Amino acid sequence: MAFQLPELGYDYGALDKSIDAQTMEIHYSKHHGAYVTNCNNAIAGTEWDDKPIEEIMANISKVPPAVRNNGGGHFNHSLFWSILSPNGGGEPTGALADDIAGTFGSFSAFRDQMNTAGATRFGSGWAWLIVGPEGKLAVCSTPNQDNPTMDIAEIKGTPILGIDVWEHAYYLRYQNRRPDYLKAIWDVMSWDEVATRYAAAK
Ligand SMILES: [Fe+2]
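Residues numbered from 1 in each chain as written. Predicted model: local features only at pLDDT ≥ 70, side-chain atom pairs only at ≥ 80, totals over all residues. Heavy atoms only, no water.

J.: How would you explain the packing of aromatic side chains if you had to name every residue and give the values?
T.: In total, this model carries 13 aromatic pairs according to the counting rule given. With a centroid separation of 5.6 Å and 85 degrees between ring planes, the pair formed by Phe80 and Trp126 is classed as edge-to-face. Taken together, the residues span a long stretch of sequence, with Phe80 in helix H3 (residues 65-82) and Trp126 in strand S1 (residues 125-131) at a distance of 46 residues. Overall, Phe80 belongs to the buried group, its relative accessible area being 0%. Under the relative-accessibility criterion, Trp126 is labelled buried at 0%. Centre to centre, the rings of Phe110 and Trp186 are 5.8 Å apart; their planes meet at 75 degrees, and the pair counts as edge-to-face. Within this pair, whereas Phe110 is found in helix H5 (residues 107-119), its partner Trp186 is found in the loop between helix H7 (178-185) and helix H8 (191-201), the two being separated by 76 residues in sequence. Classification of Phe110 as buried rests on a relative accessible area of 0%. An aromatic cluster of at least three residues, connected via ring pairs, comprises Tyr12, Tyr28, Phe80, Trp81, Trp126 and Trp128. (Phe/Tyr/Trp six-rings, centres within 6.5 Å; stacked < 30°, edge-to-face > 60°. Helix = DSSP H or I, 4+ residues; strand = E, 2+ residues; numbered from the N terminus. Buried < 20%, exposed > 50% of the residue type's maximum accessible area, 1.4 Å probe, protein only.)

The following block contains the structure:
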């Protein structure tokens, strides 16, 4: 079963307070679309072509580079769309909020750490909030389309929040001002989805 673009769940213009409709349309239909097509082509006829994306990620050292880049792109963007919402913003609540405050000192300290991880990622990549192997929250960053579920990742864990810091994610509105994009994205953060992923990862 070939991979497919997941449902976006909202219109291209729905996140406009943080991300413009044209960026969303190109990002989802062209960039993510190409990752899906290229990943499917790269795994066609190999032992990986009926494997779940999670299993491919966990064995990424054994697959060709095209699967690492495009399969990673598919995994990462599928997570990214799901943790954004037109009804997002504000702060987390409940166990996730307590864990963030306990781990990072405060919600704003956590957000600063995420923004720094994204802003200082040279070139293209991602900033992540992960649940690590011992169940501890951590902030980290990966280059290109790598992610913390890959067996080659420097810092491993289950990502529950990921921010795309490739220029294609923000350039039309923010140009070179990546920090402004990072500041704005919290206004569309779906803490419900992040909390669901947090509970599943724990
Ligand atoms: Fe992207």
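Now, onward.
J.: Hey, could you go over the environment of Tyr35 for me, with residue numbers and the actual values?
T.: By the element assignment, Tyr35 lies in helix H1 (residues 21-43). In this structure the C-alpha to C-alpha distance between Tyr35 and Tyr170, which are 135 residues apart in sequence, comes to 18 Å. Once residues lying within four places of it in the same chain are set aside, the contact partners of Tyr35 are Asn69, Asn70, Gly73, His74, His77, Gln145, Trp166 and His168. (Contact = heavy atoms within 4.5 Å.)

J.: So, the side chain of Thr142: which residues are in play, and what are the values?
T.: Here Thr142 lies in strand S2 (residues 137-143). A distance of 2.8 Å separates the side chain of Thr142 from the backbone oxygen of Asp146, its partner in a polar contact. Contacts of Thr142, omitting those with residues within four sequence positions, involve Arg121, Ser124, Gly125, Trp126, Trp128, Asn147 and Pro148. (Polar contact = N/O pair within 3.5 Å; in protein donor to acceptor, adjacent residues only side chain to side chain.)

J.: Describe the pairing of S2, and please don't skip the residues or the numbers.
T.: Sheet topology places S1 next to S2; seven bridges connect them, and they run antiparallel. Considered in S2, the bridge of Trp126 is made with Thr142. Hairpin remark: S1 followed by S2, antiparallel, with five residues in the connecting loop; positive phi at Gly135, about 80 degrees. (Pairing = 2+ DSSP bridges.)

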